[in-house]
Amino acid sequence: MADTKGNGKKRGAPHDGKGGGKKGKYGGGYGSKATFYQTLTGIEAGTQGVFATCDRGKEARCVGELYSLFDKYAEKIYPEELAAAKALEEAAAKGGDGEEGEEGEEEEEVDIETMMARELEGIRSTGKRAKGEGKKAGGEKKKVFASVRLDAQCVVFFRTNSPISPSTFVHAICEDALETRTVQSRVTHRLTPIERTGKATLEGLEEVAAHVLKPYFHSGQTGVKFAIRPSIRNHDVLKRDQIIQTIARCVGPSHKVDLKNYDVMILVEIYKNMCGMSVVTDWEKLKRFNLAQIQETVLGDHSKKPKPSGPGSAANTTAITPRVEPKGKPSVEPSAGTVPEVTQPAPPVDAAISTEPALTDDTAAAPVVNSVESAEDGLNAE
């Protein structure tokens, strides 16, 4: 217990009057917001899933956003499979309850020490489930989607289970976003499907490639044009050239590399000591599976839409062009009783020098009148 002396105050951790101890920005300890949706730690070999990139500092929001998005499309694409899986889980739960009832009668014959050991084990497992660790070993594996906690910024990973096929699933999401022209996310950027994971070594890469490439290259196909796109994060053992050469060797010489007009794209993800791979189609057409770029395209198309034509629309209004006055004519109509001021054109260079004597003040008015009259005659003639 904390020491209480003098004025009776406890000598312990400083209290700030807001729940005690230091708290993070959002309360509940440091990083509580970033770990709200996380369920698993580490990417295991032999699994499948989806990598997603997002805005910096928006990882927790991205995880929540993808949970809603993935659940929505899973029910849309795999309704029968999910219904069957749910029925099996309910049947297993009912069967488990029945077995517990039968075991209850046998427990009466168990000695006291065994009962105490079971109670202690139950307390430990309950504490683990409260911290989220028991879900990894228990019911969490039955879920279709589970986010995996990564020690990297702007990147999240979702592990998927049957009946989800990551490549088909991500393709359907991006294709629907492009066709329906709807906004699918706010902070999520690129989705990268992973059909299988393994160790980030040359041997592990070959093992993963043998499993992933078989349906696309080694099932009777010939002359398939392909390209390879590796992505490396927090890893410095395998180099980009090594990865490309290893994958090309696994594909085989009966197929051709074409970086521009490829039929399929081989995506390779290296993260720490894990490697993952998938084969996708329509990668460029679907903006490289980048939801943010798809939405920019959709919003750009909406802004370029022509305005509706109608009686009061700008499309039906007659354009009014300004009146252009002929050269040498006055732009303002003269009022009655006034003589219009006429601008004389500039004389040619030869006529600029005159041998006639300059007019005096007494005789200067006559030529002006004559010039005005001649100008009026010229206007009337035109």
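Attention here is on the structure that accompanies the text. (Residues numbered from 1 in each chain as written. Predicted model: local features only at pLDDT ≥ 70, side-chain atom pairs only at ≥ 80, totals over all residues. Heavy atoms only, no water.)

Examining the pattern of salt bridges
No. 1: Under the counting rule described, the total for this entry stands at 5 salt bridges.
No. 2: Residue D176 pairs with K76 through a salt bridge whose shortest N-O separation is 3.4 Å. One end of the pair, D176, is in helix α5 (residues 166–180); the other, K76, is in helix α1 (residues 59–77), with 100 residues separating them in the sequence.
No. 3: Since its relative accessible area comes to 52%, K76 is described here as exposed. (Salt bridge = Lys/Arg side-chain N within 4 Å of Asp/Glu carboxyl O. Helix = DSSP H or I, 4+ residues; strand = E, 2+ residues; numbered from the N terminus. Buried < 20%, exposed > 50% of the residue type's maximum accessible area, 1.4 Å probe, protein only.)

Let's talk about the sheet that holds strand β11 (residues 264–271)
No. 1: Spatially, the 5 strands line up as an open sheet ordered β8-β12-β11-β9-β10, and their pairing is mixed. Either end of the sheet is taken by a strand with one partner, and the two such strands are β8 (196–199) and β10 (256–257).
No. 2: Pairing of strand β9 (residues 225–233) with β10 involves 2 bridges; the strand directions are parallel. Bridge pairing in β10 links F226 to V257.
No. 3: Strands β8, β11 and β12 (274–280) of the sheet are contacted by helix α6 (residues 202–212), whose axis makes an angle of about 25° with β12.
No. 4: Strands β9, β11 and β12 of the sheet are contacted by helix α8 (residues 240–251), whose axis makes an angle of about 145° with β9. (Pairing = 2+ DSSP bridges. Contact = heavy atoms within 4.5 Å. Axes fitted to C-alpha atoms, helices over the stretch in contact; angles between N-to-C directions.)

Quick look at α8
No. 1: Between its terminal C-alpha atoms α8 stretches 17 Å, which fits the 16 Å expected from 12 residues at 1.5 Å a residue.
No. 2: Among all positions in α8, only I243, T246, I247 and V251 are buried. Down the axis of α8, the buried side of the element spans an arc of 140°, and every buried residue falls inside it. Turned more than 90 degrees away from the buried face of α8 sit D241, Q245 and R249, all of them exposed.
No. 3: Elements that come into contact with the buried residues of α8 comprise α6, α7 (214–217), β9, β11 and β12.
No. 4: Once α8 finishes, G252 follows within two positions and takes phi at roughly 105°, a positive value. (Expected span 1.5 Å × (residues − 1). Arc of directions from axis to C-beta.)

Regarding the packing of α1 against α5
To describe two helices that pack against each other, one gives the angle between their axes and the distance between the axes.
No. 1: In the contact formed by α1 and α5, the axes pass within 11 Å of each other and the chain directions differ by 100°. The pairing of α1 with α5 is recorded here as roughly perpendicular in orientation. Within the contact between the two elements, α1 uses L69, F70, Y73, A74, K76 and I77 and α5 uses F169, A172, I173 and D176.
No. 2: Class assignment of the residues belonging to the contact of α1 with α5 gives a composition of 8 nonpolar, no polar and 2 charged. (Parallel < 35°, antiparallel > 145°, perpendicular 65-115°, else oblique. Nonpolar A, V, L, I, M, F, W, Y, C, P; charged D, E, K, R; others polar.)

Here's the deal with the packing of α6 against α8
No. 1: One way to put it is that α6 packs onto α8 with a least axis distance of 10 Å and a crossing angle of 40°. One element, α6, and the other, α8, form an angle in the oblique class. By crossing handedness, the relation of α6 to α8 is classed as right-handed. For the pair α6 and α8, contact is made by L202, L205, E206 and A209 and by I243, T246, I247, R249 and C250, respectively.
No. 2: Its residues assigned to classes, the contact of α6 with α8 comprises 6 nonpolar, 1 polar and 2 charged. (Left-handed = near helix turned anticlockwise from the far one by under 90°.)

Here we look at the side chain of Q295
No. 1: Along the chain, Q295 falls in helix α9 (residues 291–303).
No. 2: Overall, the relative accessible area of 12% leaves Q295 in the buried class.
No. 3: Excluding residues that lie within four positions of it along the chain, Q295 makes contacts with V183, Q184 and S185.

A few points about the nonpolar core
No. 1: L66, F70, F145 and F169 are the most contacted members of the largest nonpolar core, which has 36 residues in total.
No. 2: Looking at this core, the elements with two or more residues in it are β4 (48–54), α1, β6 (155–160), α5, β11 and α9.
No. 3: No other element matches α1, which puts 8 residues into this core.
No. 4: Ignoring sequence-local partners within four residues, the contact set of F70 consists of V50, F145, F158, F169 and I173.
No. 5: Counting residues in hydrophobic clusters, the runner-up holds 21 residues, among them V212, L213, F226 and V279. (Core = buried A, V, L, I, M, F, W, Y, C linked by side-chain atoms within 4.5 Å.)

Considerations on unusual backbone geometry
No. 1: Of the consecutive residues S162 and P163, the connecting peptide bond is found in the cis state with omega at 15°.
No. 2: Within the fold, P163 resides in the loop between β6 and α5.
No. 3: Even without being a glycine, C154 presents a positive backbone phi close to 65°.
No. 4: If you trace the backbone, C154 turns up in the loop between β5 (145–149) and β6.
No. 5: Non-glycine residue K287 carries a positive phi angle of around 55°.

Considerations on the pairing of strand β7 (residues 188–194)
No. 1: Burial runs high along β7: 6 of the 7 residues are buried.
No. 2: Pairing geometry for β4 and β7, over 5 bridges, is antiparallel. By the bridge assignment, F51 is partnered in β7 with T192.

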